[in-house]
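Take a look at the letters that make up each chain.
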Amino acid sequence: MRYIARGLALATTTTLALVAAPAVGSAGAAQPGTESLYAPSALVFTVTAGDNAVDGAVLRAVTLNCTPTATGTHPAPKAACAELRANEGRFDAITTRDPGVACTKQWDPVTVTADGVWNGKRVAYVHTFGNACVKNTASGTVFAF
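Below you will find a few notes about this structure. (Residues numbered from 1 in each chain as written. Predicted model: local features only at pLDDT ≥ 70, side-chain atom pairs only at ≥ 80, totals over all residues. Heavy atoms only, no water.)

1. Side note on the state of the cysteines
Note the cut-off: Cysteine sulfur atoms that come within 2.5 Å of each other are treated as a disulfide pair. Runs of H or I in DSSP of at least four residues are treated as helices and runs of E of at least two as strands, each being numbered from the N terminus. Remark: exposure states derive from per-residue accessible area (1.4 Å probe, protein chains only) relative to the maximum for the residue type, with buried under 20%, exposed over 50%, and partly exposed in between.
Taken as a whole, this structure holds two disulfides when the rule is applied. Here Cys 66 pairs with Cys 81 through a disulfide, and the sulfurs are 2.0 Å apart. In this structure the cystine formed by Cys 66 and Cys 81 twists about its S-S bond by roughly -90°; its chirality is therefore left-handed. A residue pair is termed long-range when its members are at least 10 positions apart, and Cys 66 in the loop between strand 2 (57-65) and helix 2 (77-86) and Cys 81 in helix 2 qualify at 15 residues. With relative accessibility at 0%, the residue Cys 81 sits in the buried group. The partner cysteine of Cys 103 in its disulfide is Cys 133, sulfur to sulfur 1.9 Å.

Next up, the structure:
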């Protein structure tokens, strides 16, 4: 009787160990989640009439996603993403005015904004131009919509 009880205890322990053990080949399986090979880059750009993006009337707005491919409602998403990558996401470099283009000195401000995530980092950028002509002389395509 003693041998039978010992055998049952051993069988129960072995069964529990097998049930608790993971299935063969699942040790390296990926866990479900939101991990990605790319840092997210999704932005919303606006052009607002006035010198304040909060109080002004939004004239235009577009979206831009740069990873893994360039998409969005921006008219030139590939060029805009390439420009952002070339400038390492520094919007001040993109809004630099071309000195070779002449504009009036009329004060009719236009404000551009960029809000979202660039390479996994939160971005909130605001820049006010003296008028639409000055905005249109800014280098690049990011705010050309």
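Read on, since the account is not over.
2. Overview of the pattern of salt bridges
This is how it is decided: Any carboxyl oxygen of Asp or Glu within 4 Å of a side-chain nitrogen of Lys or Arg constitutes a salt bridge here.
This model, assessed by the stated rule, comprises two salt bridges. Among the salt bridges present, the one from Arg 90 reaches Glu 88, with a minimum N-O distance of 3.7 Å. Judged by its relative accessible area of 63%, Glu 88 falls in the exposed class.

3. Description of the side chain of Thr 111
Threshold: Here a polar contact means two N or O atoms within 3.5 Å. Within protein one must be a hydrogen donor candidate and the other an acceptor candidate, and residues neighboring in sequence count only if both atoms are side-chain atoms.
Following the sequence through the fold, Thr 111 ends up in strand 3 (residues 110-118). Residue class for Thr 111 comes out buried when judged on its relative accessible area of 0%. Of the polar contacts made by the side chain of Thr 111, one reaches the backbone oxygen of Gly 50; its length is 2.6 Å.

4. Focus: the pairing of strand 1 (residues 42-49)
Consecutive side chains of a regular strand alternate in pointing toward one face of the sheet and then the other. Short version of the rule: Between any two strands, at least two bridges found by DSSP are needed for them to pair.
In terms of strand pairing, strand 1 meets strand 2 through eight bridges, oriented antiparallel. Counterpart to Val 47 in the pairing with strand 2 is Arg 60. Note: strand 1 against strand 3, eight bridges, orientation antiparallel. Its bridge partner lying in strand 3, Val 47 is registered against Val 112.

5. Examining the nonpolar core
Note the following rule: We call a set of buried Ala, Val, Leu, Ile, Met, Phe, Trp, Tyr and Cys residues a nonpolar core when their side-chain atoms join them within 4.5 Å. Residue contacts are defined here by distance: any two heavy atoms, one from each residue, within 4.5 Å place the two residues in contact.
Residues Leu 43, Phe 45, Leu 64, Leu 84, Phe 91, Val 142 and Phe 143 are the most contacted members of the largest nonpolar core, which totals 24 residues. For this core, the secondary-structure elements that each account for two or more residues are strand 1, strand 2, helix 2, helix 3 (91-94), strand 3 and strand 4 (121-129). Considering every element that reaches this core, the biggest residue donor is strand 3, with four residues. Contact partners of Leu 43, with chain neighbours within four places excluded, come to Val 62, Thr 63, Leu 64, Leu 84, Phe 91, Asp 115, Gly 116, Val 117, Trp 118 and Val 123.

6. Observations concerning the sheet that holds strand 2
Operational definition: A fitted line through C-alpha atoms represents every axis, and for helices the fit uses only the stretch in contact; the resulting angles, taken between N-to-C directions, go from 0 to 180 degrees.
If you walk across this open sheet you meet the four strands as 2-1-3-4, and the pairing is antiparallel. One side of each edge strand has no neighbouring strand; the edge strands of this open sheet are strand 2 and strand 4. Ignoring which end each strand starts from, the neighbouring axes of this sheet average 10° apart. Across the sheet, helix 2 is in contact with strand 1, strand 2 and strand 3; its angle to strand 2 comes to roughly 80°.

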